[in-house]
Structures are given as structure tokens and as C-alpha cells.
Amino acid sequence: MAEKILKLGIPKGSLQESTIRMFKKAGFNITVPERSYFPDIDDPEIECMLIRAQEMARYVEDGILDCGLTGKDWVEENRADVREVANLVYAKQGLRKVKWVLAVPNDSDIKSVKDLEGKRIATEAVNIAKDYLEKNGVKAEVEFSWGATEVKPPKLADAIVEITETGSSLRANNLRIVETILESTTRFISNKDAWYDSWKQKKMSQIAMLLKGAIDAEGKVGMMLNIKEEKLEGILKVLPALQKPTVSNLSEKGWLAINTILDENIVKSIIPKLKDAGATGIVEYPLNKIIL
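So, how was this worked out
- Residues numbered from 1 in each chain as written.
- Predicted model: local features only at pLDDT ≥ 70, side-chain atom pairs only at ≥ 80, totals over all residues.
- Heavy atoms only, no water.
- Pairing = 2+ DSSP bridges.
- Helix = DSSP H or I, 4+ residues; strand = E, 2+ residues; numbered from the N terminus.
- Axes fitted to C-alpha atoms, helices over the stretch in contact; angles between N-to-C directions.
- Contact = heavy atoms within 4.5 Å.
- Core = buried A, V, L, I, M, F, W, Y, C linked by side-chain atoms within 4.5 Å.
- Buried < 20%, exposed > 50% of the residue type's maximum accessible area, 1.4 Å probe, protein only.
- Phe/Tyr/Trp six-rings, centres within 6.5 Å; stacked < 30°, edge-to-face > 60°.
- Lys NZ or Arg CZ within 6 Å of the ring centre and 35° of its normal.
- pLDDT = per-residue confidence, 0-100.

Engineer: Help me get a handle on the sheet that holds strand E7 (residues 98–105), residues and values and all.
Structural biologist: Ordered in space as E9-E8-E10-E7-E11, the 5 strands form an open sheet in which the pairing is mixed. Each edge of the sheet is formed by a strand with only one pairing partner; in this case those strands are strand E9 (141–144) and strand E11 (175–184). On average, each strand axis in the sheet is inclined to that of its neighbour by 25 degrees, with strand direction left out of account. Relative to the sheet, helix H4 (residues 126–135) contacts E7, strand E8 (120–123), E9, strand E10 (159–164) and E11, its axis offset from that of E9 by approximately 170 degrees.

Right, here's the structure in full:
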């Protein structure tokens, strides 16, 4: 009997680096040989292929890939009939959503979607833009943009529909956002037939669980410390926690050990307070995954 293999699509482009980093935190080491579209992964049951996020949903729908990671926006843009396995809130620059926005030059007279009537719009997401116009009862020309969309207004287009995380690129090109059309996050998607294969479904569910655990651990650290038993109440007032801190007895009578999880950005202010409250042996350590 042939060995089972899961065909996994890794998004090439802006999501590639952050996706590979998340997989590493989840326990999978992915390396991309130079000029290759077939990354190596340290799991003999997975076969990887680099595919642009814009095309991922189509290849998953067609069964060329069993599963892959792409934005919800590109699933909608491709009208792809796929199954969503997990919503993974990360992007190129961090744990955030991305937005598709309508943008125009700062000095444009366009103030709302209604002002687009008869205008020309450039975008890479043609279907998303057309759906937006239809929803608002506006007729306008939508043309596909091959890139550098921000530089097209006002000479080549009256407006653009563009993706952004922070809006910095739009501002740098003297554009202002008129409206947000769609918010999107990274999705782990599956071919529908592959999902009904029990082995592949289990494998995909395990990958999704580990990826979600890696994302949940982003920006958090673990902390261990020791205290005298009578100091417990004071220490617990200082400590915020993901759930309740774990408190256990040490071998030395009257002493307790506390283990908890903290947001990394508050540790520098928490540690001095813990020390003042009587904590000793304070140890901070990094986290790869949090599985709830």
C-alpha cells in the first residue's frame, strides 16, 4: 500500500516568510532550496509546494493540492469552493487582519462609493471590487492591475481598490482611504474531497491545531517563580494570567512554585512588582505553542 502523503500549499510572496516562521513554531521545519518551488519539510507525510496566495484557492479546489494557506480575500476573489479548516490571524507584518480599501488621491473629489459612477478603478481583486460596486448600485469600469497599483491614480485610474496592513504605502503615494471594502485573515483551506479522506482530515486538523497554538503563543512568555506560602495572595494580585496561574508545593515546607503565562510587553513592569511582593527564583522563558 502506497504511503499516504498530504499535498500542502505554502503561499509564495508576502506571506511566505511569516508562514514558514509559524510552521517552525508549530514544530515543522520548512526550508526552500534556491530557485525551487518545492520546499523541504521535516515530515515525511507532507509534500510542500510554493504557490502564490492569489492562486492557492483555485489549486486546492481543483485537487492539485489537498490543502493550503491563503487569505480569505483570495478565496472570495477566486469564487473557490473549498472547506475552511482554520482561521489564522497573521499577516506579513504581524498578528493582524489586512484590509481591502477604496483609495483615491488626496485632492480627489471622490468622497464615497457613490462618487465612483462612471469612473475607472484599478485593482488586483477585480471580483471583490465588482461585488462592492454592485452591492452599492454603482456602475464603474474595473480593470485588472498587474502591480504598482498605488501609482496609477490620477492619470491611469480615478481610484484603486488595494490591500493594506498599515496604510503606510498609500500615504506615501499621496492617497487617502475612502472606505474599507473587506477585512481578511489567513485561512487554512482544504479540498472538499481531501477533507472526507479520514487520514488527510486528521493530518490537516493536527497541523491546524499546532499552527493555532503557535499563533496564540505569539507575544507571550512563560514565567516561573518561588514564594513563601504567606506571600501567595499578594503575588496573585500582581499577576495577570492567561487562565489561573499554576501553584504547586515545593519540597521545602512553606514554599510554593508559581507557573504562569504573561504578555511579553508587560514583563518588564511585572518583574519588579513580583520581586517587591516577595518572589524569588524568577525565570522568564519563551513559548512556541499554547494549546488550550
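Engineer: Just give me the short version of the nonpolar core, but keep the residues and values in it.
Structural biologist: Nonpolar side chains in soluble globular proteins tend to end up buried together. Core analysis: the biggest nonpolar cluster contains 28 residues, and Leu8, Phe23 and Phe188 have the highest contact counts within it. Secondary-structure elements contributing two or more residues to this core are strand E1 (6–12), helix H1 (16–26), strand E4 (46–52), strand E5 (67–71), strand E6 (83–88), helix H6 (192–195) and helix H7 (198–216). Counting 22 residues, the second-largest nonpolar core is a separate cluster that includes Ala53, Trp74, Leu116 and Ile121.

Engineer: Requested: an account of the packing of aromatic side chains, with residues and values cited.
Structural biologist: Geometrically, a pair of aromatic rings is defined through the distance of the ring centres and the angle of the planes. Per the stated rule, a full pass over the model turns up 3 aromatic pairs. Taken together, a centroid distance of 5.6 Å and an interplanar angle of 85 degrees make the contact between Trp74 and Trp100 edge-to-face. With Trp74 in helix H3 (residues 72–77) and Trp100 in strand E7, this pair connects stretches of sequence that are 26 residues apart. With relative accessibility at 8%, the residue Trp74 sits in the buried group. The class of Trp100 is buried, set by a relative accessible area of 0%. The ring of Tyr59 has Arg58 lying over it, and the distance from NZ or CZ to the ring centre is 4.9 Å.

Engineer: Please provide a residue-by-residue account of the environment of Ala122, values included.
Structural biologist: The residue Ala122 is located in strand E8 in this model. Measuring from C-alpha to C-alpha, the distance between Ala122 and Thr164 comes to 15 Å, with 42 residues separating the pair along the chain. Setting aside residues up to four positions removed in sequence, Ala122 forms contacts with Glu143, Ser145, Thr149, Lys152, Ala157, Ala159, Ile160 and Val161.

Engineer: Any details on helix H2 (residues 53–61)? Residues and values, ideally.
Structural biologist: Of the residues making up H2, those classed as buried are Ala53, Gln54, Met56, Ala57 and Val60. Buried-residue contacts for H2 involve E1, E4, E5, H3 and strand E12 (186–190). Positive backbone phi, at 85 degrees, marks Gly63, one or two positions downstream of H2.

Engineer: Hey, could you go over the confidence of the model for the protein for me, with residue numbers and the actual values?
Structural biologist: Averaged over the protein, the pLDDT score is 92; the fraction of residues at 70 or greater is 97%. The secondary structure element of the protein with the lowest average pLDDT is helix H5 (residues 168–172), at 88, and the one with the highest is H6, at 97.

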